[in-house]
Amino acid sequence: MTRGANNNGARQKALAAALLGRTQAWQEADRRAARLAHGRTDDTADATRLADDYRLLAHDLARARALMPASRTREYLESAYARVHATLHHGAWDVGSALRQLFLIDTPAAVRWLLPYLAWATLIFVLAAAAGFALVHRYPELIALFASPDMIANVESGKLWTQGLLNVVPSSILSVQILSKNIVVSLFAYCLGFLFGLGTLYILGLNGLMLGAIFAFVGAHGLAGELFRFIIAHGCVELSVLCLSGAAGAAIGEALIRPGAGGRLDSFRTAALRTGPVLIACALLLVGTGLIEGFISPDPRFSLPTRILIGVGYWLLMVAFLSGRLFAWHARRAAVAGA
Amino acid sequence: MSDPPPGVSIDSVTGIDVSLSVAGPGARSYAFIIDWHIRLILALAWFVLATLLYNGSFSLQPAYAPSWFVLALVPSTAIYLLYHPVLELAMRGRTPGKRSAGIRIVTRAGGPPGAGALLVRNVFRLIDSLPLMYGVGLTLMVLTRECLRCGDMAAGTLVVYERSAADTELLQNAARRVGKLDTVGAEIAADLLERWTSLMPAARIRLARQLLERYLGAEADLSDGDELEWRSRLERLARPE
């Protein structure tokens, strides 16, 4: 019995020693996987050898799991095997192609999927704006809920708070302040969909109410045209982006409220991954609106037709970008190159 | 022996499943703290250098001029805020902090996450960081079996441990030391001998004594001796038969 146990122990040690003797082969396999994963080699022999490495590592890992389950050797083999598996099944990683995939394919697909949500988010925003307008039109004192005392005093004295804005804050500073504020609002409108869509509804509703209320208030003092003149250049895209991020947040909320067969977590993950690219596009578009709002909107030298041209032009650019038409030539060129 | 860390298994064509060990809140917090220091230092360094150059004198008085704003404040804020998304994209789900903690981000299929998943994961930091000090994120990590924060749930990612290729040197040393020892003992002996000079003298003797006691039991020579004596006893133990 003791002799049998000793023999078994010796056999185990011999097998373990033989296994550990293959460390160099594992290291080579790991290096090859790293080279291929980073796209640093296009050698077909290397790629073919990786398939052999995969089998070698699988074999040795199975032995290590049996012979030395609590060892570093097993842990190392688990990691090396996972790396080779990922390289074989997911291909090389390239930041450029990942970003191209994101903006040329994922974003337009996500926007198409979000269209029904976008219609609902826009409707909620418009209804909230109409409600805000009606409220302040009927009860003007309610403007104190939406605007600061300084803003109200300015309008009551017959001028918009935006007049002379550039004398107080330089355009560059104004742009950065505005774009960062807008990006944060937009990201929150999306992320708060996590609260079963209620956070998104709150942000859309509040912004709609404020817009309607302020228009009613400035309209009552004969300044609605001035406000329109200020808003038109940046507002088209800014408000569209708010509705779009609200739509993405609503999709997240719906995924949590009505999960599919896979469960709530799975449904949330699917919705977030599907809508995420839209948010990145929204953040980029808001950089543009921030620059317009800082440099063009408060500058009295820009006439109304120029402002309308900029606002509508940027909005059309946004539509082309989000629908994938802006870079359609790139996709065609890639298809021709592939053929 | 303690329970193994929670893991995720992925089927593979070889029949041997890929097993990923999920990193817990400790390793992730350690990585975050390192990253936080790096991005803070980088952002501050940019801010200080740009302000000094802008002022043309040894003064950090903010200029509040548009060009100072664009040259100093905006880039330093961008370094601080975009550190994670940019580096995770460029380093395939790693950051310097994650690398030093030996962890990385992977998809549930074990591969590197795409750009969309990495960016969504970072967008949800807004929720995870609430109300302060990543309160929501840490609570979720503690409560979920796979240690997921909100961003991981949204992006379908996991943070897992990974053993680096640097470990292979230790494994080769261990291979030479499978004598009276089993594999785990050989690894520990190789590790101890490799780190011998970097350990405190008392720790060297204590660890060598524990290893000898464990593998030789009553046969172990545990009489007093200097650290050279203990090292030679350890080398005798780890010598191939």
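Whatever comes next refers back to the structure up there.
Residues numbered from 1 in each chain as written. Chains lettered and ligands numbered in written order. Predicted model: local features only at pLDDT ≥ 70, side-chain atom pairs only at ≥ 80, totals over all residues. Heavy atoms only, no water.

## Re the overall build of chain B
Put simply, the rule is: What counts as a helix is a DSSP run of H or I of at least four residues, what counts as a strand is a run of E of at least two, and both are numbered from the N terminus. Restricting the calculation to C-alpha atoms gives the radius of gyration, and the globule rule supplies 2.2 Å times the number of residues raised to the power 0.38. Think of it in three bands: with a 1.4 Å probe and only protein chains considered, a residue is buried below 20% of the maximum accessible area for its type, exposed above 50%, and partly exposed in between. Note on contacts: a residue pair is in contact if any heavy atoms of the two residues lie within 4.5 Å. Each accessible area is a Shrake-Rupley result for a 1.4 Å probe, and residues are judged covered by the shown protein chains and nothing else. The convention is simple: Lys and Arg are positive, Asp and Glu are negative, and His and the chain ends are not counted. Charged side chains are reduced to one point each, which is NZ for Lys, CZ for Arg, CG for Asp and CD for Glu.
Looking only at helices and strands, chain B features eleven helices and four strands. Since a compact globule built from 241 residues should have a radius of gyration of about 18 Å, the 25 Å found for chain B marks it as more spread out than a globular shape. Projected onto its principal axes, the C-alpha positions of chain B cover 80 × 55 × 30 Å. Here chain B holds 241 residues, and the buried ones make up 46% of them. Within chain B, counting contacts between residues at least 6 apart in sequence, those at least 24 apart form 54% of the total. In the structure as shown, chain B presents an accessible area of about 11,900 Å², 64% of it carried by carbon and sulfur atoms. Side chains of chain B carry 25 positive and 24 negative charges; the gap between the two charge centres is 6 Å.

## Structural notes on the nonpolar core
In a soluble, globular protein the nonpolar side chains are often hidden away together inside. What counts, and what does not: Put simply, buried Ala, Val, Leu, Ile, Met, Phe, Trp, Tyr and Cys residues joined by side-chain atoms within 4.5 Å make one nonpolar core.
With 105 residues, the main nonpolar core has Leu 57, Tyr 81, Tyr 190, Phe 268, Leu 285 and Leu 322 of chain A together with Phe 124 of chain B as its most contacted residues. Phe 124 of chain B has contacts with Tyr 190, Cys 191, Ile 252 and Phe 268 of chain A together with Arg 149, Cys 150, Gly 151 and Ala 154 of chain B, leaving out every residue within four places of it along the chain. Core analysis: the next-biggest nonpolar cluster, separate from the first, contains 17 residues, Phe 146, Val 155, Val 218 and Leu 227 of chain A among them.

## Section: the state of the cysteines
Note the cut-off: The rule for a disulfide is simple: a pair of cysteine sulfur atoms within 2.5 Å.
Taken as a whole, this structure holds zero disulfides over all chains when the rule is applied. In this structure Cys 282 of chain A is a free cysteine whose sulfur lies 10 Å from that of Cys 243 of chain A, the closest cysteine sulfur available. The thiol sulfur of Cys 147 of chain B is not disulfide-bonded, and the nearest other cysteine sulfur, from Cys 150 of chain B, lies at 15 Å. Judged by its relative accessible area of 9%, Cys 147 of chain B falls in the buried class.

## Some remarks on the pattern of salt bridges
Residue and element names in this part refer to chain B. The condition that has to hold: Each reported salt bridge corresponds to a side-chain nitrogen of Lys or Arg within 4 Å of a carboxyl oxygen of Asp or Glu.
Tallied over the entire structure, the rule returns 29 salt bridges over all chains. For Arg 121, the salt bridge goes to Asp 152, with nearest N and O atoms at 2.8 Å. Placement of Arg 121 in helix 4 (residues 115-123) and of Asp 152 in helix 7 (residues 150-155) is noted, with a sequence separation of 31 residues between them. Judged by relative accessible area, Arg 121 falls into the buried class, the value being 2%. Classification of Asp 152 by relative accessible area gives buried; the value is 1%. Across the pair Arg 204 and Glu 227 runs a salt bridge whose closest N-O atoms are separated by 2.2 Å. Residue Arg 204 is located in helix 10 (residues 201-216), and its partner Glu 227 is located in helix 11 (residues 227-237); the two are separated by 23 residues in the primary sequence.

## What about the interface of chain B and chain A?
Accessible area lost upon the coming together of the parts serves often as the stated size of an interface. Under the convention used in this document: Buried area counts how much accessible surface, traced with a 1.4 Å probe, disappears from two parts once they are put together, with both parts' losses summed. Polar contacts here mean pairs of N or O atoms no more than 3.5 Å apart (in protein, one a potential hydrogen donor and the other a potential acceptor; neighbouring residues in sequence count only if both atoms are side-chain atoms). Side-chain classes are defined by residue name, with Ala, Val, Leu, Ile, Met, Phe, Trp, Tyr, Cys and Pro counting as nonpolar, Asp, Glu, Lys and Arg as charged, and the others, Gly among them, as polar.
Across the contact, 63 residues belong to chain B and 55 residues belong to chain A. When residues of chain B are sorted by the area they lose upon contact with chain A, Arg 92, Arg 163 and Leu 171 of chain B head the list and together hold 13% of the total. Joining chain B to chain A, the criterion identifies three salt bridges. Notably, a salt bridge pairs Arg 65 of chain A with Asp 17 of chain B, separated by 2.8 Å at the nearest N-O pair. The interface formed by chain B and chain A contains nine residue pairs in polar contact (both at pLDDT 80 or more). Where the side of chain B that touches chain A is concerned, the elements lending two or more residues are strand 2 (18-21), helix 2 (66-90), helix 4, helix 5 (125-128), helix 7, helix 8 (167-176) and helix 9 (183-194) of chain B. Of the residues in the side of chain B that touches chain A, the class split is 38 nonpolar, 13 polar and twelve charged.

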